[in-house]
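Inside the fold
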Amino acid sequence: SVVLYERSDVLGGQLRVAAAGPTREELLDFVTYLEGELRRLGVEIRLGAEAARAAVLADAPDLVVCAAGATPQPADVPVSGGGRVVTVWDLLGGVVGDLPSTALVADDGSGFWHSISAAEYLAQRGVQVELVTPAPGVGLAIPHESARNVATRLGSAGVDVRVLANVVSVDGARVSLAEGFGKKHTETEAGLVVVRTALRANDELARALEDAGPALATIGDASAPRRLNHAVLDANLAIRAFDAGRLRAAAAALS
Ligand SMILES: Cc1cc2nc3c(=O)[nH]c(=O)nc-3n(C[C@H](O)[C@H](O)[C@H](O)COP(=O)(O)OP(=O)(O)OC[C@H]3O[C@@H](n4cnc5c(N)ncnc54)[C@H](O)[C@@H]3O)c2cc1C
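Source: prediction; values computed, not measured.

Points about the packing of aromatic side chains
Scanning the model with the defined rule gives one aromatic pair in all. Between the aromatic rings of Phe30 and Tyr33, the centroid separation amounts to 6.4 Å while the plane-to-plane angle is 25°, which identifies the pairing as stacked. Remark: Tyr33 and Phe30 occur in helix 2 (residues 27-40); sequence separation between them is three residues, near one turn of the helix. Take Tyr33: its relative accessible area is 48%, and that puts it in the partly exposed class. Of note, Arg125 hangs over the ring of Tyr121, and the distance from its end group to the ring centre comes to 3.5 Å. Across the ring face of Phe112, the terminal group of Arg227 is positioned such that the distance to the ring centre comes to 3.5 Å.

Let's talk about the nonpolar core
One recurring pattern in soluble globular proteins: nonpolar side chains tend to sit buried together. In terms of nonpolar packing, the biggest core is built from 28 residues, with Leu91, Val105, Leu122, Val129, Leu192 and Val194 touching the most fellow members. At the level of elements, helix 4 (88-92), strand 7 (102-106), helix 5 (113-124), strand 8 (128-132), helix 6 (144-156) and strand 13 (192-195) are the ones that each hand at least two residues to this core. If we skip the residues at most four places from it in the chain, Val129 touches Ala103, Val105, Ala119, Leu122, Ala123, Gly158, Val159 and Asp160. In this structure, Val77, Leu104, Val167 and Val175 belong to the second largest nonpolar core, which totals twelve residues.

Some points on the site of the ligand
In the vicinity of the ligand there are 26 residues, among which Glu6, Arg24, Ala51, Asp221 and Leu228 approach most closely. The separation between a nitrogen atom of the ligand and a polar main-chain atom of Arg7 is 3.0 Å. Between the ligand and the protein, one listed contact pairs an oxygen atom with a backbone N or O atom of Arg226 at 3.1 Å. Residue assignment for the shell around the ligand shows that the elements contributing at least two residues are strand 1 (3-6), helix 1 (14-18), helix 4, helix 5 and helix 8 (228-254). For the shell around the ligand, the element with the highest residue contribution is helix 1, accounting for three residues. Tallied by class, the residues present in the shell around the ligand amount to 13 nonpolar, six polar and seven charged. The residue makeup of the shell around the ligand includes at least three contributed by each of domain 1 (3-71 + 200-254) and domain 2 (74-197).

So, how was this worked out
- Residues numbered from 1 in each chain as written.
- Predicted model: local features only at pLDDT ≥ 70, side-chain atom pairs only at ≥ 80, totals over all residues.
- Heavy atoms only, no water.
- Phe/Tyr/Trp six-rings, centres within 6.5 Å; stacked < 30°, edge-to-face > 60°.
- Helix = DSSP H or I, 4+ residues; strand = E, 2+ residues; numbered from the N terminus.
- Buried < 20%, exposed > 50% of the residue type's maximum accessible area, 1.4 Å probe, protein only.
- Lys NZ or Arg CZ within 6 Å of the ring centre and 35° of its normal.
- Core = buried A, V, L, I, M, F, W, Y, C linked by side-chain atoms within 4.5 Å.
- Contact = heavy atoms within 4.5 Å.
- Near = heavy atom within 4 Å.
- Polar contact = N/O pair within 3.5 Å; in protein donor to acceptor, adjacent residues only side chain to side chain.
- Nonpolar A, V, L, I, M, F, W, Y, C, P; charged D, E, K, R; others polar.
- Domains from an automatic or database assignment.

Shown next, in the form of structure tokens:
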């Protein structure tokens, strides 16, 4: 029998944030599919339930799979004068209030969907957007079959782009940048700055359960923040390893 803890009131984790990006709604199909599988397989789902050491051990599990994901770190940018700086997760998670007429989205150079979706989300709501990246191009990690469509959409939404650029500080609506190989100081205006920050793996539960008795596996972003396919692969490998251990134990008991 399997128990699934989820601290929020819905399943899906960061996929729900990812699916808030324009054209990315279909990511929710995977959540819907997995919810159906959980029901079909009779998994007990505990929503609004924090998986903490005492609660987990009270269930006396043979195996604990820690899939607690990762937490976006706050933006590492000096802010003064009432400047508004939020993360991509805040924006796509719907917790940023009123949107101003101008915004700057700062990628960290990883070039994946995070800052593209943030820029499109804002543009779709009538905000004039500038997309800034330290990389030599925009969206360089987006799969090639999507890259052309992304470029077309950003272009028709009027999103301005600055490459080889980093945000240095935010003072009110004034955003200071370091641009180009020479890190030349430039400035632009934005009523909101949205930053693609780094993620920190949520490995507290795994560490709290070390040597507590049950077999332990840490999967997905809780192991190292990456992508959905890594989370699925980690899960498969963890269950196979656990099964192999059970089979070995059963064989040893028979011999
Ligand atoms: C904007 C954006 C776009 C993305 N696009 C893609 C993409 O195109 N392709 C791709 O492969 N990946 C993409 N990703 C990354 C992908 O969403 C993550 O890698 C994936 O969701 C990680 O899954 P996870 O289950 O490990 O963690 P999460 O999705 O973070 O889920 C962890 C869950 O655990 C819950 N939780 C945490 N701690 C506890 C606790 N103690 N007790 C109970 N519950 C707890 C959380 O509430 C959460 O629901 C994107 C991410 C973002 C933000």
